[in-house]
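Analysis of the macromolecular model
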Amino acid sequence: MTRVPRDGTNDPLDDRIDAALRRNFAPPATDELAPALRAAILGGTTRSQPMRGRFMRAAAAVILLVCGSWLLVRSFTPDVVNPYDIQPHRSALAVYDALSDEGFEPLWQCRDDAEFAGVFMDRHGQPLVITAMPETHAALGIHYANVISPRSTLVLARVNGNNIMLVIDRVDRDTDPGSLRDGLFAHRAEVGDLVIYELSPLDEASVIPYFVIPEPQPDAAADAEES
Amino acid sequence: MPTPRPQSPNRLTPEDLADGFTDCARALWCVATGVMGRREGAEDVLQESAIVAMTKIETFEPGTSLLAWLSQIVRFTALNHARKARRAPTLQLVDAEPAARAPATATPTSADGMLHADQEAFDDDVSAALGELDETARACLLMRVTLDLPYRDIALALDIPEGTAMSHVHRSRTFLRTRLSAPATEVSP
């Protein structure tokens, strides 16, 4: 994109203001916005050519047949939750137990801090990273569940062999994550605009203290200043 | 630049709408952020607007600007979000774990490698001053600065004359400059 010259002024303060606006209010890339928008409009369907008349009726019949078959099959199979879809609300305890039953495996692991920070930036508007933890602590990866809101992000960790589940969301969406059972604790903290619940068999938070807001990368800051 | 792809002379299809919305998405994001005065929630507004646009697809008049039509939907949706946010009870923020409070002090550097410890404070001041602008002026400025959009596109997106868009940007810049050079917010070089 060609940069449009600024409007006749050459004030250094303008440059700082522009850099601050770009740092804080630059819209996400089109590629990041597109999938959700297309899904909202097309309902997750793939591209198709316009169909008319009998073709439309034939397609409708096929869709009915497929949907009917799917419903029939589904009624005889156990529920499978696709974690990438919007999920029904569940309590933190229910999610913790379900994950524990399934081996406490994350959906995926971030390659580096930048990717990890990006997950929270994209989902919650604020980056977050985990600083170096002791050898007894291990961050396993990311999972998703509708605990505080449909956008809640889970970080699975293990401390001295104990399964630890962190539920992270924006403070302004904070709600009670639900009741727990004896022997399981929910520790709560806020980091910037985010609230973190740590579900753990341990009676004190062991992973939360390692969550911090990352400092801006010097290169990025320098780029912003230059621009 | 959010120039929607040419649409068929007939009615807008869902595919056309999805393509057009995607093409305009970044400008519409600026509109949502401008109306709400904050970036959080802008993506939610876009998604909700996409659903609304889909339900109203029959009302789009072929030959008119899709960007202007979508922008109007985004503005209304963002206004609703902003109203809801104002009505929502505020939560008292309590640190259950003070150690967890992030070291929010950033130490970014400028192009010359010098540390600007005051940058975060400056950014906060810019955000606060931006919040004092009216919605249209804010959206104009954001589209101009963050997307480098030409005034004709800003005018189209906000359904205002091009001259008004220019005026909004100019006055917004002047306001921010004045506001940020005031002694109370003066920052060291």
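The coordinates are above.
Let me begin by describing the structure that accompanies this report. Only a predicted model underlies this, so the values are computations on that prediction, with no experimental measurement involved.

**Brief notes about the nonpolar core**
Nonpolar side chains tend to gather and get buried jointly when the protein is soluble and globular. Among the nonpolar cores identified, the biggest contains 62 residues, and Leu21 of chain A together with Leu17, Phe21, Trp69 and Met143 of chain B are the most heavily contacted of them. With 13 residues, the single largest contributor to this core is helix H1 (residues 14-36) of chain B. Those residues within four positions of Leu17 of chain B in sequence are excluded, and the remaining contacts are Ile41 of chain A together with Leu12, Ala53, Met54, Ile57, Leu66, Trp69 and Leu70 of chain B. By size, the runner-up hydrophobic cluster in this structure holds 22 residues, among which are Phe120, Leu128, Ile142 and Val155 of chain A.

**Here's the deal with the pairing of strand E2 (residues 137-144) of chain A**
Residues and elements named next belong to chain A. Counted residue by residue, E2 has 6 buried out of 8 residues, so it is predominantly covered. Strand direction decides the pairing type here: E2 and strand E3 (residues 153-159), joined by 7 bridges, are antiparallel. Looking across to E3, one finds that Ala138 is bridged to Arg158.

**Observations regarding the pattern of salt bridges**
Overall, the coordinates contain 15 salt bridges over all chains when judged by the stated rule. The shortest N-O distance in the salt bridge between Asp123 of chain B and Arg23 of chain A comes to 2.6 Å. Remark: Arg23 of chain A occurs in helix H1 (residues 12-25) and Asp123 of chain B occurs in helix H4 (residues 119-131); the pair is interchain, linking two chains. Between Glu15 of chain B and Arg38 of chain A there is a salt bridge, with its nearest N and O atoms 3.2 Å apart. On the criterion of chain membership, the pair formed by Glu15 of chain B in helix H1 and Arg38 of chain A in helix H2 (residues 30-42) is interchain, its members lying in two chains. We classify Glu15 of chain B as buried; its relative accessible area is 13%. Accessibility expressed as a relative area gives 19% for Arg38 of chain A, which makes it buried.

Here is what the cut-offs are and how they apply
- Numbering of residues begins from 1 in every chain and follows the order in which that chain's sequence is written.
- Whichever chain is written first is A, and whichever ligand is written first is 1; the rest continue in order.
- Totals for whole chains, interfaces and linings use all residues, but because this is a predicted model, local features are given only for residues with pLDDT of at least 70 and pairs of side-chain atoms are given and counted only at 80 or more.
- Neither water nor hydrogens contribute to the side-chain values; these are computed over all heavy atoms in the structure.
- By nonpolar core is meant a set of buried Ala, Val, Leu, Ile, Met, Phe, Trp, Tyr and Cys residues that side-chain atoms within 4.5 Å join together.
- Note on classification: 1.4 Å probe, protein chains only; a residue is buried when its accessible area is under 20% of the maximum for its type, exposed when over 50%, partly exposed between these limits.
- Runs of E in the DSSP output that reach at least two residues are strands. Runs of H or I that reach at least four are helices, and both are numbered from the N terminus.
- By definition in these notes, contact holds between two residues if any of their heavy atoms fall within 4.5 Å.
- At least two DSSP bridges between two strands are needed for those strands to be called paired.
- The working definition used for a salt bridge is a side-chain nitrogen of Lys or Arg within 4 Å of a carboxyl oxygen of Asp or Glu.

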